[in-house]
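# Close look at the chain arrangement
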Amino acid sequence: MDVSKIQGNVHPDAPVKSVRIRVGRSFNGFGLSPGITKQQRLDLEKLLISAFSNFTGDLEGDYYPLLGMDEAVRQQLVDDHFLFVSGDPNLISAGMERDWPEGRGIFHNKDKTFLVWVNEEDQTRIISMQKGGDVKAVFERLARAINAVQDSVKKESGKDFLCDEKYGYIHSCPTNLGTGMRASVHIDLPGWTAEGLGALKTRCEELKLQPRGTRGESGGQTGVTFDISNKHRLGYSEVELVQCMIDGVNILFTEDLELQKKHGL
């Protein structure tokens, strides 16, 4: 992932509240979530804990296992919107929540801008995020974080990311095949809100983007703030997907200003 190839950034005047970019990664020698054994899950967690201890600089942080988690720690992770929880009917039906919560946990750095979810839907979810609209900075941190996880695990165990020449990085959910990347911003779009959600969805489709509510994939929409992300995972590079998101968000922002005038906002 060559961050230097990204052209421009989200417009500084765009009302972007935050940026979040994540990827999923699986390792050779361990089952995917629907079929992973309890021992494999524990062995992978142990390997990742060791990897986390090697992180330095702005990636350095702490790992919080779900099993036996202190209530104060749990509440802080909830308040930070970092904690993943059990109970998703899709994950349960696919066998992904067996032996819950053993072998699962969350790592985050001291600045709370870099996270790794361990043994949730995927073996790892590597996440970079921060307030404001500096997509390039978030992407740069993500690229370093991915390399840090990969290099540390490979050095200790010889195991590498599970990657297919045709399908890219292998995930538990087929919709993440390819890059497994979702690059998103939370942005206020009052003009598009007035124009209607259907119109926004149509425009995002044209721009290869996907609009969601800020409550997640199935949480619905409230107010004028939208989660806008790249639609595709497969068939494009990470740089192409981030560039697509940046360019598309800038277009939506420009059009939103015109729609605000149209609707007298």
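Preceding this section is the structure that the text describes.
Rules of the game
- Residues numbered from 1 in each chain as written.
- Predicted model: local features only at pLDDT ≥ 70, side-chain atom pairs only at ≥ 80, totals over all residues.
- Heavy atoms only, no water.
- Axes fitted to C-alpha atoms, helices over the stretch in contact; angles between N-to-C directions.
- Helix = DSSP H or I, 4+ residues; strand = E, 2+ residues; numbered from the N terminus.
- Left-handed = near helix turned anticlockwise from the far one by under 90°.
- Contact = heavy atoms within 4.5 Å.
- Nonpolar A, V, L, I, M, F, W, Y, C, P; charged D, E, K, R; others polar.
- Buried < 20%, exposed > 50% of the residue type's maximum accessible area, 1.4 Å probe, protein only.
- Polar contact = N/O pair within 3.5 Å; in protein donor to acceptor, adjacent residues only side chain to side chain.
- 1 Å grid on protein atoms, 1.4 Å probe; cavity = no way out; pocket = protein on both sides within 12 Å on 5 of 7 lines; lining within 4 Å.
- Points joined across faces, edges and corners; volume = space filled by probe spheres on them.
- Expected span 1.5 Å × (residues − 1).
- Arc of directions from axis to C-beta.
- Disulfide = S-S within 2.5 Å.

Attention now moves to the packing of helix 1 (residues 38–52) against helix 4 (residues 135–157). At their nearest, the axes of helix 1 and helix 4 sit 9 Å apart, and the two run at 115° to each other. Here helix 1 runs over helix 4; the crossing is right-handed. Contact residues: helix 1 offers Leu47, Leu48, Ser50 and Ala51, while helix 4 offers Val149, Ser152, Val153, Glu156 and Ser157. When the residues that make up the contact of helix 1 with helix 4 are grouped by side-chain class, the tally is five nonpolar, three polar and one charged.

Before going further, it helps to examine unusual backbone geometry. Here the residue pair Trp100 and Pro101 is connected by a cis peptide bond, since its omega of 0° sits within 30 degrees of zero. Here Pro101 shows up in the loop between helix 3 (89–93) and strand 3 (105–109). Positive phi, close to 65°, is recorded for Lys208, a residue that is not glycine. By secondary structure assignment, the location of Lys208 is in the loop between helix 6 (197–206) and strand 9 (209–212).

Position of Arg25 among the secondary structure elements: in strand 1 (residues 16–25). Overall, the relative accessible area of 1% leaves Arg25 in the buried class. A distance of 3.0 Å separates a polar side-chain atom of Arg25 from the backbone oxygen of Thr179.

What follows covers empty space enclosed by the protein. By the definition in use, this model includes one cavity of 30 Å³ or more. Its volume calculated, the largest cavity comes out at about 50 Å³. Partitioning the lining of the largest cavity into residue classes produces two nonpolar, four polar and three charged.

This paragraph deals with helix 1. Over its 15 residues, helix 1 extends 21 Å from the first C-alpha to the last, a length consistent with the 21 Å expected when each residue adds 1.5 Å. For helix 1, the complete set of buried residues consists of Arg41, Leu44, Glu45, Leu47, Leu48, Ala51 and Phe52. Mapping the buried residues of helix 1 onto a view down its axis gives an arc of 165°, with all of them on the same face. Residues of helix 1 that are buried sit in contact with strand 2 (61–65), strand 3, strand 4 (114–118), strand 5 (124–131) and helix 4.

For the rest of this paragraph, the subject is the packing of helix 6 against helix 7 (residues 238–262). Contact pair helix 6 / helix 7: the axes reach a minimum separation of 11 Å and the direction vectors enclose 145°. The handedness of the crossing between helix 6 and helix 7 is right-handed. Within the contact between the two elements, helix 6 uses Leu200, Arg203 and Cys204 and helix 7 uses Ile251, Leu252 and Glu255. Looking at the contact of helix 6 with helix 7, its residues break down into four nonpolar, no polar and two charged.

Each disulfide consists of one covalent bond between the sulfur atoms belonging to two cysteines. A complete count under the given rule lists zero disulfides for this structure. Of the cysteine sulfurs around Cys173, a residue in no disulfide, the closest is that of Cys163, at 17 Å. The cysteine Cys204 is free of any disulfide, with Cys244 supplying the nearest cysteine sulfur at 10 Å.

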